2 protein chains.
Amino acid sequence: MAMEGYRGFLALLVSALLVGFLSVIFTLVWVLHYREGLGWDGTSLEFNWHPVLVVTGFVFIQGIAIIVYRLPWTWKCSKLLMKCIHAGLNAVAAILAIISLVAVFDFHNALNIPNMYSLHSWVGLTAVIFYMLQLLTGFLIFLLPWAPLSLRAFLMPIHVRSGVLIFGTVIATVLMGVTEKLIFALNNPAYSTLPPEGVFANVLGLLVVVFGALICWIVTTPKWKRPKEPNLTLLQPNGGTPGQVEGSLAVNFGKMDKSDSELNDETAARKRNVALDEAAQRSTM
Amino acid sequence: MAMEGYRGFLALLVSALLVGFLSVIFTLVWVLHYREGLGWDGTSLEFNWHPVLVVTGFVFIQGIAIIVYRLPWTWKCSKLLMKCIHAGLNAVAAILAIISLVAVFDFHNALNIPNMYSLHSWVGLTAVIFYMLQLLTGFLIFLLPWAPLSLRAFLMPIHVRSGVLIFGTVIATVLMGVTEKLIFALNNPAYSTLPPEGVFANVLGLLVVVFGALICWIVTTPKWKRPKEPNLTLLQPNGGTPGQVEGSLAVNFGKMDKSDSELNDETAARKRNVALDEAAQRSTM
């Protein structure tokens, strides 16, 4: 299926994959080369799983999960399959995030360092809790076939915007974590003298910011949205494109944008019914 | 002019104003009550202008500037007036951000603390530079009347998404700054024992996150977008709503979403011409 602006999409996608992959590599090099390495013994080696698992799961895999519907090579796959991949990637990210929390709590408890005192921990735990709620509601409402379509229609724009907000909050939490770790760990020479480890971890922070920006850019470009199922177009007698129950963050630019003013019209009501029929088809496909 | 979902908009707007105002108050209480106060003498009193000016200008005023087109009470005002308010608020935010940088560089230089070593400073300065570029291009392209409409049409979605990304990056930078300051400033008792100042500044961090989330939510809700100029509707013989040159981040949900697939059609070309005519009307109004 052809995608408008395919080259631009490809450039951003390849950049995102590269920068995301580099973020994971940088995190590994940070803990393996500059820090103590990895282990599961209550020491710094266990703490070091925290950044590795967060950047791998909660940043990179979550980022891919967010844009997976937009990969044009998947547009021939069924929506249900794509939902499973979206949910599966997010579930993997959630599991890695949970293990990363266990690592840091274990480490704190073993060394009698207090838990949950920093802004990093407050914002980070909030993000994890919202992420779990998002995963649970996503599973119950959008993956299982039993939710009423009106509920799906109501929750989809909330699901989409919450998802991008949670992702952004995770990026911000990572930046706080890198900041904390560098201040705590770099003593001689101090962080303020900008030793090689400081430069390296600062670059890691920038990579995470750029990855977040690329994912947000891809997911807010409307022309790269997954098209509705082609076989369903035939069901629409007017040949038009009804409002879609599947939402996406998109820049409303150069668009037909009628429905706001039409929502009370009979026409709009009929269109919405067609859209709900379409959603019903999809959700049971 | 009636707004769909007006109560929801009002609830989010009042929350955003309240949380944004509280963020500024919390920052003031932090530096005046818990820290040394304000001054301009190269000591901590001068540094303290940094968080005050950033949260006031770069967070609160920028946030308001982002959603100013969406206030329904302004929809009877001309687009040019609203552009001036949008640009003016952003210019004030930029000036406060610059003064906040002067305060922190002055403070560092007076105490021989190195500049620009932290991830906070790297990401923050990047955000300021992009913000200035955004302000400059916004002024040259969208406020001054001379830019070709095709250029405006090309740049508007970039302007909108860049704006929200820069705003998010500023929020993340503030969280890093709060984290840094608490680790540096709280020694006896340490931040890890969570003294009152630690709790207070953590709450400030959460307020800033919530403010950022509310602004992003308001600006990505399509039904709260400023409608096109009513007098221009009369110029459209088909009574339709052509693609708008003014873009906005919006969840594409329950929308007519034709133009992607139609861009090569003659119909779409004609629609785009109508949209450009409309933009021409607006930009010279």
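What you are looking at is a predicted structure, and each value in this text was computed from that prediction instead of being measured.

Enquirer: For this particular structure, what's the right way to read the overall build of chain A?
Expert: Of the regular secondary structure elements, chain A holds ten helices and one strand. Helices and strands in chain A line up, N terminus first, as α-α-α-α-α-α-α-α-β-α-α. Here chain A, with 285 residues, has 55% of them falling under the buried criterion. Of all intrachain contacts in chain A linking residues separated by at least 6 positions in sequence, the fraction that spans at least 24 positions is 76%. In the form shown here, chain A has an accessible surface area of approximately 12,100 Å², with 70% of it arising from carbon and sulfur atoms.

Enquirer: Would you mind showing me how to read the pattern of salt bridges here?
Expert: Two side chains of opposite charge can pair, provided their charged atoms sit close to one another. All names here are of chain A. Applying the stated criterion across every chain yields a total of four salt bridges over all chains. Notably, a salt bridge pairs E36 with R35, separated by 3.3 Å at the nearest N-O pair. On the basis of relative accessible area, E36 is assigned to the partly exposed category, the value being 37%. Relative accessible area serves as the criterion here: at 16%, R35 is assigned to the buried category.

Enquirer: Would you take a moment to explain the UniProt feature "transmembrane region" (unreviewed entry) in chain A for this structure?
Expert: All names here are of chain A. In the numbering used here, UniProt assigns the feature "transmembrane region" (unreviewed entry) to residues 9-32, 52-72, 84-105, 125-146, 158-179 and 199-219. With 76% helix and 0% strand, residues 52-72 has end C-alpha atoms that lie 30 Å from one another. This span, residues 199-219, is 100% helix and 0% strand, and a straight line between its end C-alpha atoms measures 30 Å.

Enquirer: Can you help me understand a nonpolar patch on the surface in this one?
Expert: There is a patch of nonpolar side chains on the surface, built from L18, F21, L22, I25 and V29 of chain A and spanning about 410 Å² of accessible area. One can find V29 of chain A in helix α1 (residues 6-34).

Enquirer: Would you mind showing me how to read the environment of I183 of chain B here?
Expert: Within the fold, I183 of chain B resides in helix α6 (residues 149-185). The spacing of I183 of chain B and G198 of chain B is 15 residues in sequence and 9.2 Å in space, taken between C-alpha atoms.

Enquirer: I would appreciate a short explanation of the packing of aromatic side chains in the present structure.
Expert: The geometry of an aromatic ring pair comes down to the distance between the two centres and the angle between the two planes. Within the structure shown, the criterion is met by 20 aromatic pairs over all chains. Ring centres of F9 of chain B and W224 of chain B lie 5.4 Å apart, and the angle between their planes is 70°; this geometry places the pair in the edge-to-face category. Residue F9 of chain B is found in helix α1 (residues 6-34), and its partner W224 of chain B is found in the loop between α7 (196-219) and α8 (230-233); the two are separated by 215 residues along the sequence. Classification of W224 of chain B as buried rests on a relative accessible area of 5%. A ring pair is formed by F47 of chain B and F107 of chain B, whose centres lie 5.2 Å apart and whose planes are at 55°; its orientation type is tilted. Note that F47 of chain B is positioned in helix α2 (residues 44-47) and F107 of chain B in helix α4 (residues 79-110), a separation of 60 residues in sequence. Of the residues examined, F47 of chain B reaches a relative accessible area of 13% and is grouped as buried. Judged by relative accessible area, which is 9%, F107 of chain B ranks as buried. Counting every residue linked through ring pairs, the aromatic cluster contains Y6, F9, W73 and W224 of chain A.

Enquirer: Can you walk me through the environment of L13 of chain A in this structure?
Expert: Residues and elements named next belong to chain A. Here L13 is to be found in helix α1. Accessibility expressed as a relative area gives 7% for L13, which makes it buried. Separated by 202 residues in the primary sequence, L13 and I215 place their C-alpha atoms 8.2 Å from one another. For L13, the residues in contact, after removing those within four places along its chain, are I67, L71, W73 and I218.

Enquirer: Can you walk me through the nonpolar core in this structure?
Expert: Considering soluble globular proteins, one finds that nonpolar side chains tend to be buried as a cluster. With 126 residues, the main nonpolar core has F211 of chain A together with F211 of chain B as its most contacted residues. Sequence-distant contacts of F211 of chain B, defined by excluding residues within four places in its chain, comprise A16, V19, G20, V59, F60, G63 and F167 of chain B.

Enquirer: Whenever I open this one, the confidence of the model for chain A confuses me. Can you help?
Expert: Detailed conclusions should not be drawn from predicted coordinates in areas where pLDDT is low. All names here are of chain A. Taken as a whole, chain A shows an average pLDDT of 86; of its residues, 80% reach a score of 70 or greater. In this model residues 232-248 is a low-confidence stretch, pLDDT under 50, and it forms 52 contacts with partners more than four residues away in sequence or in other chains. The model gives residues 250-285 a pLDDT under 50, and that stretch makes 94 contacts with residues more than four places away or in other chains.

Enquirer: Mind showing me how you'd approach the packing of helix α3 (residues 49-67) of chain A against helix α4 (residues 79-110) of chain A here?
Expert: A packed helix pair is summarised by two numbers, namely the angle formed by the two axes and the spacing between the axes. Residues and elements named next belong to chain A. Packing of α3 against α4 leaves a shortest axis separation of 8 Å and a crossing angle of 165°. By the angle class used here, α3 and α4 are roughly antiparallel. Seen along the crossing, α3 lies across α4 with a hand that is left-handed. Mapping the contact onto sequence places W49, H50, L53, V54, T56, G57, F58, I61, Q62, I64, A65 and I66 in α3 and H86, L89, N90, V92, A93, L96, A97, I99, S100, L101, A103 and V104 in α4.

Enquirer: Would you take a moment to explain the side chain of E46 of chain B for this structure?
Expert: All names here are of chain B. Along the chain, the position of E46 falls in helix α2. Of the buried charged residues, E46 lacks a salt bridge, with K181 as the closest side chain of opposite charge at 13 Å. At 2.6 Å, the side chain of E46 forms a polar contact with the backbone nitrogen of G42. Once residues within four sequence positions are removed from consideration, E46 is found in contact with G39, W40, D41, V102, A103 and D106.

What counts, and where the lines are drawn
- Residues numbered from 1 in each chain as written.
- Chains lettered and ligands numbered in written order.
- Predicted model: local features only at pLDDT ≥ 70, side-chain atom pairs only at ≥ 80, totals over all residues.
- Heavy atoms only, no water.
- Helix = DSSP H or I, 4+ residues; strand = E, 2+ residues; numbered from the N terminus.
- Buried < 20%, exposed > 50% of the residue type's maximum accessible area, 1.4 Å probe, protein only.
- Contact = heavy atoms within 4.5 Å.
- Areas by Shrake-Rupley, 256 points an atom, 1.4 Å probe, with all protein chains shown as cover.
- Salt bridge = Lys/Arg side-chain N within 4 Å of Asp/Glu carboxyl O.
- UniProt positions renumbered as here; feature names shortened; annotations may be inferred.
- Patch = residues over 30% accessible without salt bridge, like charges linked within 9 Å, V, L, I, M, F, W, Y side chains within 5 Å.
- Phe/Tyr/Trp six-rings, centres within 6.5 Å; stacked < 30°, edge-to-face > 60°.
- Core = buried A, V, L, I, M, F, W, Y, C linked by side-chain atoms within 4.5 Å.
- pLDDT = per-residue confidence, 0-100.
- Axes fitted to C-alpha atoms, helices over the stretch in contact; angles between N-to-C directions.
- Parallel < 35°, antiparallel > 145°, perpendicular 65-115°, else oblique.
- Left-handed = near helix turned anticlockwise from the far one by under 90°.
- Lys, Arg positive; Asp, Glu negative; His and termini not counted.
- Polar contact = N/O pair within 3.5 Å; in protein donor to acceptor, adjacent residues only side chain to side chain.

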